[in-house]
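What follows is each chain in one-letter form.
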Amino acid sequence: IQVENQNIVPKMSIGIAIYPQNGEDADSLLRAADAAMYAAKNNGKHNFAFYDAQMTQDAADRIELEADLREALVSSEFKLVYQPKVSVSEQNITGVEALIRWVHPTRGFVSPDVFIETAERIGLINEIGEWVLDTACRQLQQWKIAGLQLEMAVNISSSHFSSAGFVRQVERVINKFDIQHGELEIEITESMSRNPVQHVQVCEELHNKGIKVAIDDFGTGYS
C-alpha cells in the first residue's frame with residue numbers, strides 16, 4: 001500500500017471460525033474467531049489459525065491473568081530481587097540490577113516472561129515500571145546508609161521510556177531518595193530504540209541529570 005511517498009507492507013493475524021462447528025450465531029462465531037486470532041498472534045503473528053476448544057480456555061486464562069495482574073499491583077504482590085554485577089578485575093560487586101518477581105497467593109511464582117507481556121498489552125506496564133523505579137531507589141538509599149556504594153540498574157519498558165513526563169518522574173525519584181550522579185542506570189532493550197530522535201532526546205536529558213543509559217540485548221538488529 002502506498003501512502004503518499006511511503007510504501008507500507010501490512011501484516012495481519014487471522015482467526016478463523018467455522019459454522020456450525022464453532023458456533024451457531026454471529027456472537028459465538030466472533031468469539032471463536034477472536035480466540036483463534038490470539039493464537040495466530042502467539043505463533044509469531046502474520047499468520048492464521050483455526051479455532052479449537054482449547055482456545056476458549058486459553059482466552060479465559062488470559063482474562064483471569066489480566067485481572068490478577070491488576071490486583072497484584074494494588075495488593076503489593078510484586079517484589080524485587082537484585083542480581084549482582086561483579087568486576088572481574090577488581091574482584092568485587094560494583095552494582096546490582098533490579099529484577100521484578102510476582103508471587104501470586106494461589107498461582108505461586110509467575111514468570112516475568114508471562115506477566116510482563118500481559119502488562120504491556122493491558123496498559124499496566126508504566127505503573128509497574130514506576131513501582132520498580134521507586135522501590136529500587138529506596139533500596140539503594142538504604143544500602144548507602146548502611147555503607148554500601150553500589151550502582152542500581154533498572155529495566156524500563158519501551159512505552160514507559162517514551163511516555164510523556166518520564167524524565168521528570170525519574171528526577172522526582174532521585175531527589176526523593178538522594179540518588180547521586182552515576183548511581184542509577186536505566187536499561188532499555190535494543191529492540192525498543194526505533195525512534196532515534198525521541199530516544200536520543202530522552203537519553204540526553206537523563207545523561208544531563210547524571211543517570212546512565214544502557215542498551216540491553218545488544219546485537220539483535222535495531223541499533
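Up top is the structure these notes are about.
Here's what I pulled together on the structure shown here. Keep in mind it's a predicted model, so treat the numbers as computed, not measured.

1. So, the overall build of the protein chain
And step 1. Looking only at helices and strands, the protein chain features seven helices and 10 strands.
And step 2. Its C-alpha atoms give the protein chain a radius of gyration of 22 Å, clearly above 17 Å, the size a compact globule of 223 residues would have.
And step 3. Burial analysis of the protein chain (223 residues in total) assigns 37% to the buried set.
And step 4. Summarising the internal contacts of the protein chain: among those between residues at least 6 apart in sequence, 68% fall at separations of at least 24.
And step 5. Summing over all exposed atoms, the protein chain offers an accessible surface of approximately 13600 Å²; the carbon and sulfur share of this is 51%.

2. Let's talk about the pattern of salt bridges
And step 1. Here the structure, examined in full by the defined rule, presents nine salt bridges.
And step 2. A salt bridge links Arg121 to Glu66, with the shortest nitrogen-to-oxygen separation between them at 2.6 Å. Of this pair, Arg121 sits in helix α3 (residues 112–121) while Glu66 sits in helix α2 (residues 53–74); the two residues are 55 residues apart in sequence, bridging distant segments of the chain.
And step 3. Residue classification places Glu66 among the buried residues on the basis of a relative accessible area of 15%.
And step 4. Among the ionic pairs, Glu183 bridges to Lys144, the shortest N-O distance being 2.9 Å. Pair noted here: Glu183 is in the loop between α6 (166–176) and β9 (184–189) and Lys144 is in helix α4 (residues 125–145), with a separation of 39 residues, a long-range link.
And step 5. A single network of salt bridges, built from pairs that share partners, joins Lys85, Glu185 and Glu187.

3. With respect to the environment of Ala26
And step 1. With respect to the element layout, Ala26 can be found in helix α1 (residues 26–42).
And step 2. Separated by 146 residues in sequence, Ala26 and Arg172 place their C-alpha atoms 51 Å apart.

4. Some remarks on the nonpolar core
It is characteristic of soluble globular proteins that their nonpolar side chains tend to be buried jointly.
And step 1. Core analysis: the largest hydrophobic core is formed by 40 residues, its most contacted members being Met152, Leu184, Ile186 and Leu206.
And step 2. Ranked by residue count, the leading element in this core is α4, at eight residues.

5. Some words on a nonpolar patch on the surface
And step 1. The grouping of Met12, Ile14, Ile18, Phe48 and Phe50 at the surface amounts to a nonpolar patch, some 480 Å² of accessible area in total.
And step 2. Assignment of secondary structure puts Met12 in the loop between β2 (6–7) and β3 (14–16).
And step 3. On the basis of relative accessibility, which here comes to 49%, the residue Met12 falls in the partly exposed class.

Parameters and conventions
Residues numbered from 1 in each chain as written. Predicted model: local features only at pLDDT ≥ 70, side-chain atom pairs only at ≥ 80, totals over all residues. Heavy atoms only, no water. Helix = DSSP H or I, 4+ residues; strand = E, 2+ residues; numbered from the N terminus. Rg over C-alpha atoms; globule rule 2.2 N^0.38 Å. Buried < 20%, exposed > 50% of the residue type's maximum accessible area, 1.4 Å probe, protein only. Contact = heavy atoms within 4.5 Å. Areas by Shrake-Rupley, 256 points an atom, 1.4 Å probe, with all protein chains shown as cover. Salt bridge = Lys/Arg side-chain N within 4 Å of Asp/Glu carboxyl O. Core = buried A, V, L, I, M, F, W, Y, C linked by side-chain atoms within 4.5 Å. Patch = residues over 30% accessible without salt bridge, like charges linked within 9 Å, V, L, I, M, F, W, Y side chains within 5 Å.

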